[in-house]
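Structural overview for review
Okay, here's what each chain looks like letter by letter:
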Amino acid sequence: ILTWGVSAGIKLAFLFAVALAVTAIVLQQKLIEDDAPGDGANRAEKNPARLWRQMSPDLRALLTSDILIRFCERIPDALVILWVTDNLIAHQQMTLERAAFWFGVLSVIENVTAVLCYVPVAHMADRFGKKPFVAITFGFFTLFPLALMFSHTLWMLVPAFILRGLKEFGEPTRKALIMDLAPEDRKAAMFGLYYLVRDVVVSFAALGGAFLWMIRPELALWCAFGFGVLGTAWFILRGRDLMLGGKS
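The rules we used
Residues numbered from 1 in each chain as written. Predicted model: local features only at pLDDT ≥ 70, side-chain atom pairs only at ≥ 80, totals over all residues. Heavy atoms only, no water. Helix = DSSP H or I, 4+ residues; strand = E, 2+ residues; numbered from the N terminus. Buried < 20%, exposed > 50% of the residue type's maximum accessible area, 1.4 Å probe, protein only. Contact = heavy atoms within 4.5 Å. Areas by Shrake-Rupley, 256 points an atom, 1.4 Å probe, with all protein chains shown as cover. Lys, Arg positive; Asp, Glu negative; His and termini not counted. Charge placed at Lys NZ, Arg CZ, Asp CG, Glu CD. Phe/Tyr/Trp six-rings, centres within 6.5 Å; stacked < 30°, edge-to-face > 60°. pLDDT = per-residue confidence, 0-100. Expected span 1.5 Å × (residues − 1). Axes fitted to C-alpha atoms, helices over the stretch in contact; angles between N-to-C directions. Parallel < 35°, antiparallel > 145°, perpendicular 65-115°, else oblique. Left-handed = near helix turned anticlockwise from the far one by under 90°. Nonpolar A, V, L, I, M, F, W, Y, C, P; charged D, E, K, R; others polar. Salt bridge = Lys/Arg side-chain N within 4 Å of Asp/Glu carboxyl O. Core = buried A, V, L, I, M, F, W, Y, C linked by side-chain atoms within 4.5 Å.

A few words on the overall build of the protein. Broken down by element type, the protein carries ten helices and zero strands. For the protein, the spread of C-alpha atoms along the three principal axes comes to 60 × 45 × 35 Å. Out of the 248 residues belonging to the protein, those deemed buried represent 40%. Once local pairs closer than 6 in sequence are excluded, the contacts in the protein between residues at least 24 apart make up 79%. In the form shown here, the protein has an accessible surface area of approximately 13,900 Å², with 70% of it arising from carbon and sulfur atoms. Across the protein, the centroid of the 24 positively charged side chains sits 4 Å from that of the 21 negatively charged ones.

In this section: the packing of aromatic side chains. One pass over the full model with this rule turns up eleven aromatic pairs. Seen from their ring centres, Phe-103 and Phe-161 are 6.0 Å apart, and the 90° between their planes marks the pair as edge-to-face. Here the residue Phe-103 occupies a position in helix α5 (residues 96-128), and Phe-161 occupies one in helix α7 (residues 154-166), the gap between them amounting to 58 residues. Phe-103 gets classed as buried once you look at its relative accessible area, which sits at 15%. Of the residues examined, Phe-161 reaches a relative accessible area of 0% and is grouped as buried.

Model confidence for the protein is summarised by a mean pLDDT of 88, while 92% of its residues fall at 70 or above. Throughout residues 244-248 the model reports pLDDT below 50, and contacts reaching past four residues in sequence, or to other chains, amount to five contacts.

In this model helix α3 (residues 57-77) runs 30 Å from its N-terminal to its C-terminal C-alpha over 21 residues, within 8% of the 30 Å that 1.5 Å per residue would give. The element α3 is largely enclosed, with a buried count of 15 among its 21 residues.

Look at helix α6 (residues 131-149) against helix α10 (residues 217-238): their axes get within 8 Å of each other, and the N-to-C directions meet at 165°. With respect to their mutual orientation, α6 and α10 come out roughly antiparallel. Handedness of the α6/α10 crossing: left-handed. Contact residues: α6 offers Lys-131, Val-134, Ala-135, Phe-138, Gly-139, Thr-142, Pro-145, Leu-146, Leu-148 and Met-149, while α10 offers Glu-218, Leu-221, Trp-222, Ala-224, Phe-225, Gly-228, Val-229, Gly-231, Thr-232, Phe-235 and Ile-236. Looking at the contact of α6 with α10, its residues break down into 14 nonpolar, five polar and two charged.

Turning our eyes to something else, we now look at the pattern of salt bridges. The final tally for this structure, using the stated rule, is 16 salt bridges. In this structure, Glu-110 and Arg-164 form a salt bridge, with 3.4 Å as the shortest nitrogen-oxygen distance. Separated by 54 residues along the polypeptide, Glu-110 in helix α5 and Arg-164 in helix α7 bring together distant segments of the chain. Just as Glu-110 is buried, Arg-164 falls in that class too. Between Lys-175 and Glu-171 there is a salt bridge, with its nearest N and O atoms 3.8 Å apart. Of this pair, Lys-175 and Glu-171 both sit in helix α8 (residues 171-181), four residues apart, which is roughly one turn of the helix. Its relative accessible area of 33% is what places Lys-175 among the partly exposed residues. On the basis of relative accessible area, Glu-171 is assigned to the buried category, the value being 4%.

Here we take up the nonpolar core. Within the largest apolar cluster, 48 residues are counted, with the highest numbers of intra-cluster contacts made by Leu-59, Leu-62, Val-84, Leu-148 and Phe-161. When contributions to this core are tallied by element, the ones reaching two or more residues are α3, α4 (80-92), α5, α6, α7, α8, α9 (187-215) and α10. Ranked by residues supplied to this core, first place goes to α9 with nine residues. Look past the residues within four positions of Leu-148 in its chain and what remains in contact with it is Val-80, Trp-83, Leu-157, Phe-161 and Leu-221. Of all hydrophobic cores here, the second largest spans seven residues; its members include Cys-117, Val-121, Ala-125 and Phe-140.

Further remarks concern the packing of α5 against α7. Following both chains from N to C, one finds α5 and α7 inclined at 35°, their axes separated by 7 Å at the closest point. The hand of the α5/α7 crossing is right-handed. Contacts between α5 and α7 involve Trp-102, Phe-103, Leu-106, Ser-107, Ile-109, Glu-110, Thr-113, Ala-114 and Cys-117 from the first element and Leu-154, Leu-157, Val-158, Phe-161, Ile-162, Arg-164, Gly-165 and Leu-166 from the second. Tallied by class, the residues present in the contact of α5 with α7 amount to twelve nonpolar, three polar and two charged.

Spelled out as structure tokens, the structure:
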């Protein structure tokens, strides 16, 4: 963007992103082996309603909390770049191109933070149980909109984006918990149903966030924070864990 300008730079960035996505698809097909046909965990089920009846109450509690947390994430998600660039332009007199560049730097900080969390947290979750790490993750989701709302300069935004990276703290652990709570002979199908229900419901959050943002950006951030509090509280109160050996 700094080199080619906002319009041409964003188009080139999108083309590069598409190329990376195609490369990832090719590598996935070549490097990941499929399960053997007839594997019980991958037995197909065409009826989502039948699958829903087989979903355990514990998995439904996790799904409910996850939906609330994703509302917290998605309400401001696509609009974070507007908050960052507008504030850097207003408070630090940056050009749009330079503000966009620094948003890229902040995104790098976020993703490096996320990557550094994965392995140590997965190891600790296997030893001490998954629920505490998922609850902490939901707490990070919840705090980010609040941190963003009070961040107006670059040096205030850096810790906010570190916090945003920490929301990946227990994401692999949450996915593992989904598999733990799914029936043994329906794990793949139940995993698919979980994400189908979650993402269909949460798809409305971005639209709602846009309307709230048009009224006032801070209103969108406060609403996101509220959903995060609800989701975290619901999981702490109703969520269950499976320790090693299958005990709750």
